[in-house]
Amino acid sequence: DNKMPIDLVIANAGISSTLQPNWQPEKEEHINQVFAINLQGTMNTVTPLIPRMIERKKGQIAMMSSIAGLR
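One structure accompanies this document, and this report is about it. Quantities reported herein were computed from a predicted structural model and do not represent experimental measurements.

Procedures and definitions
- Each chain carries its own residue numbering, running from 1 in the direction its sequence is written.
- With pLDDT at 70 or above as the cut-off, local features in this predicted model cover only qualifying residues; side-chain atom pairs require 80 or more to be listed or tallied, and sums for whole chains, interfaces and linings still use all residues.
- For side-chain calculations, the full set of non-hydrogen atoms in the structure is used, while hydrogens and water are omitted.
- Helix numbering and strand numbering both begin at the N terminus, where a helix is a DSSP run of H or I of at least 4 residues and a strand a DSSP run of E of at least 2.
- Accessibility here uses a 1.4 Å probe with only protein chains present; expressed as a share of the type maximum, an area under 20% marks a residue as buried, one over 50% as exposed, and anything in between as partly exposed.
- Throughout, a contact is declared for two residues whenever any of their heavy atoms are within 4.5 Å.
- Only the protein chains shown count as cover for residues, and the accessible areas themselves come from Shrake-Rupley with a 1.4 Å probe.
- Each helix should span, by expectation, one fewer than its residue count multiplied by 1.5 Å.
- Across the chain, bend at a residue is computed as the angle between axes fitted to the seven residues ending at that point and the seven starting from it.

1. Some thoughts on the overall build of the protein
Link 1 in the chain: The number of helices and strands found in the protein is 2 helices and 2 strands.
Link 2 in the chain: Start at the N end of the protein and walk to the C end: the helices and strands fall as β-α-α-β.
Link 3 in the chain: Buried residues in the protein amount to 11% of all 71 residues.
Link 4 in the chain: Intrachain contacts of the protein at a sequence separation of at least 6 include 74% that bridge at least 24 residues.
Link 5 in the chain: Of the roughly 6000 Å² that the protein leaves accessible, carbon and sulfur atoms contribute 57%.

Given below as structure tokens:
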């Protein structure tokens, strides 16, 4: 609905796993859950807005990652 158009969306979904000094590789299911929230959550926010912004020829999308990725 373009009655109240979105000019800017900031997508910042994120959780992290617990990384201890004696960290061991996590279960695949836990890794998949982290990816589902961080990546798919962000994409689920942004993707529906893209066609509307293209149609209006206006809008900005900002996607943020976590500094935790440096670990």
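2. What to know about helix α1 (residues 28-46)
Because each turn of an α-helix spans 3.6 residues, side chains separated by three or four positions end up pointing in the same direction.
Link 1 in the chain: The terminal C-alpha atoms of α1, which comprises 19 residues, lie 26 Å apart, in line with the 27 Å expected from a rise of 1.5 Å per residue.
Link 2 in the chain: Along α1, the helix axis deviates most sharply at A36, where the bend reaches about 30°.
Link 3 in the chain: When α1 is considered as a whole, its buried residues turn out to be V34, T42 and V46.
Link 4 in the chain: If you follow the buried residues of α1, they end up packed against β1 (8-11), α2 (50-56) and β2 (60-63).

3. Quick word on the environment of N38
Link 1 in the chain: Here N38 shows up in helix α1.
Link 2 in the chain: Measuring from C-alpha to C-alpha, the distance between N38 and A13 comes to 5.3 Å, with 25 residues separating the pair along the chain.
Link 3 in the chain: Dropping the residues within four chain positions of it, N38 is found in contact with A13, G14 and I15.

4. Describing unusual backbone geometry
Link 1 in the chain: Phi at K57 takes a positive value of approximately 60°, unusual for a residue other than glycine.
Link 2 in the chain: Within the secondary structure, K57 is located in the loop between α2 and β2.

5. Details of the environment of P5
Link 1 in the chain: With respect to the helices, strands and loops of the structure, P5 is situated in the segment before β1.
Link 2 in the chain: Expressed as a C-alpha distance, the spacing of P5 and K58, which sit 53 residues apart in the sequence, is 9.4 Å.

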